[in-house]
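Per-entry structural report
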Amino acid sequence: MTSSASSETPGYWSVFAGAEPGFARTVEDRFGAFTHHVLATVRKDGSPRTSGIEVRFLAGELWLGMMPDSLKALDLRRDPRFCLQANPGEGTGMGGGDVRVAGRAVEVADGEARAGYVKEVEPPQPFHLFRTELTEVVRTYVEDDTYLVVQVWRPGAPVRTLRRT
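1. As for the side chain of Lys-72
Here Lys-72 is to be found in helix 4 (residues 71-78). For the buried Lys-72, no salt bridge exists, and the shortest N-O distance to an oppositely charged side chain is 8.8 Å, to Glu-54. Among the polar contacts listed, one links the side chain of Lys-72 to the backbone oxygen of Gly-52, at a separation of 2.4 Å.

Put into structure tokens, the structure is as follows:
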């Protein structure tokens, strides 16, 4: 088996931002434009669950904080796969495009990272905190009222850009 960066390199937010700073800023701006977004998790029976969520970009990470024993937290404890869709906002303009992030969520129960999050965010206690490991970041937007542009980043690979008329 040949070694590949995409299978060995964790897709932390800082890795993405370091590799593609302009793309990362656009995605952060889209998530920063609104407070609430949509998180998709996998239910116990394998079907999808969508839930509202607030997200934070802190210390080179994309964090997901949740109320204790929320269904989405229990889903992620059982199956860490997730997809996070930025709130598109009102109307159909979607300034900056439609963005989504997919990956695995790893719960952080204690330690320096959790303490730093608590200090910065001051969440209600108790709560679940998940650090994300990205498998994909996607942005879809319209360019020059002509092209549908899809940008896709995966760990260990450059951004792939597709244009459709």
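We are not done yet, so read on.
2. Here we look at the environment of Val-121
Along the chain, the position of Val-121 falls in helix 5 (residues 112-121). Its relative accessible area of 16% is what places Val-121 among the buried residues. Separated by 63 residues in the primary sequence, Val-121 and Leu-58 place their C-alpha atoms 9.5 Å from one another. Beyond its immediate sequence surroundings of up to four residues, Val-121 is in contact with Arg-56 and Leu-58.

3. Considering the pattern of salt bridges
With the rule as written, the count across this model stands at 8 salt bridges. The salt bridge partner of Glu-107 is Arg-77, with a shortest N-O separation of 2.7 Å. Separated by 30 residues along the polypeptide, Glu-107 in strand 6 (residues 98-107) and Arg-77 in helix 4 bring together distant segments of the chain. Taking relative accessible area as the criterion, Arg-77 reaches 46% and is therefore assigned partly exposed. Where Asp-79 meets Arg-81, a salt bridge forms, and the shortest distance between an N and an O atom there is 2.6 Å. Taken together, the shared-partner salt bridges in this structure form one network comprising Arg-49, Asp-75 and Arg-78.

4. Things to note about the layout of surface pockets
When its volume is computed, the largest pocket comes out at roughly 330 Å³. Residue lining of the largest pocket: 17 residues in total, with Glu-54, Gly-65, Met-66, Met-67 and Pro-124 positioned closest to the centre. Sorting the residues of the lining of the largest pocket by element identifies strand 2 (48-53), strand 3 (55-58), strand 4 (61-66) and helix 5 as the ones contributing at least two each.

5. Topic: unusual backbone geometry
In this structure, the amide linkage connecting Gln-125 to the following residue, Pro-126, adopts the cis form with an omega of -15 degrees. With a phi close to 55 degrees, Asp-69 is a non-glycine residue in the positive phi region.

6. A few points about the side chain of Ser-51
Mapped onto the fold, Ser-51 is located in strand 2. Non-local contacts of Ser-51, meaning those with residues more than four positions away in its chain, are made with His-37, Val-38, Leu-39 and Lys-72.

7. What about the nonpolar core?
If you look at the biggest cluster of nonpolar residues, it comprises 24 residues, and the most contacted ones within it are Leu-64, Leu-84 and Val-101. Only helix 2 (13-19), helix 3 (21-32), strand 4, helix 4, strand 5 (81-85), strand 6 and strand 7 (128-143) provide two or more residues apiece to this core. If one sorts the elements of this core by residue count, helix 3 sits on top with 4 residues. Residues in contact with Val-101, not counting those within four places in the same chain, are Trp-13, Val-27, Phe-31, Leu-62, Phe-82, Cys-83, Leu-84, Leu-134, Glu-136 and Val-137.

8. Some points on helix 3
For helix 3, spanning 12 residues, the distance from its first C-alpha to its last is 16 Å, which sits close to the expected 16 Å at 1.5 Å a residue. Looking at helix 3, one finds that the buried residues are Phe-23, Ala-24, Val-27, Arg-30 and Phe-31. Viewed along the axis of helix 3, the buried residues span an arc of 125 degrees, placing them on a single side of the element. Within helix 3, the exposed residues directed more than 90 degrees away from the buried face are Arg-25, Asp-29 and Gly-32.

9. Things to note about the packing of aromatic side chains
Tallying each qualifying case throughout the model produces 7 aromatic pairs. Between Trp-63 and Tyr-117, the aromatic rings sit 6.0 Å apart at their centres with planes inclined by 55 degrees, giving tilted as the arrangement. Here the residue Trp-63 occupies a position in strand 4, and Tyr-117 occupies one in helix 5, the gap between them amounting to 54 residues. Neither Trp-63 nor Tyr-117 differs from the other in exposure class; each is buried. Here a set of aromatic residues connected by ring pairs shows up, and it is made of Trp-13, Phe-16, Phe-23, Phe-31, Phe-57 and Trp-153.

The rules behind the values
- Residues numbered from 1 in each chain as written.
- Predicted model: local features only at pLDDT ≥ 70, side-chain atom pairs only at ≥ 80, totals over all residues.
- Heavy atoms only, no water.
- Helix = DSSP H or I, 4+ residues; strand = E, 2+ residues; numbered from the N terminus.
- Buried < 20%, exposed > 50% of the residue type's maximum accessible area, 1.4 Å probe, protein only.
- Lys, Arg positive; Asp, Glu negative; His and termini not counted.
- Salt bridge = Lys/Arg side-chain N within 4 Å of Asp/Glu carboxyl O.
- Polar contact = N/O pair within 3.5 Å; in protein donor to acceptor, adjacent residues only side chain to side chain.
- Contact = heavy atoms within 4.5 Å.
- 1 Å grid on protein atoms, 1.4 Å probe; cavity = no way out; pocket = protein on both sides within 12 Å on 5 of 7 lines; lining within 4 Å.
- Points joined across faces, edges and corners; volume = space filled by probe spheres on them.
- Core = buried A, V, L, I, M, F, W, Y, C linked by side-chain atoms within 4.5 Å.
- Expected span 1.5 Å × (residues − 1).
- Arc of directions from axis to C-beta.
- Phe/Tyr/Trp six-rings, centres within 6.5 Å; stacked < 30°, edge-to-face > 60°.

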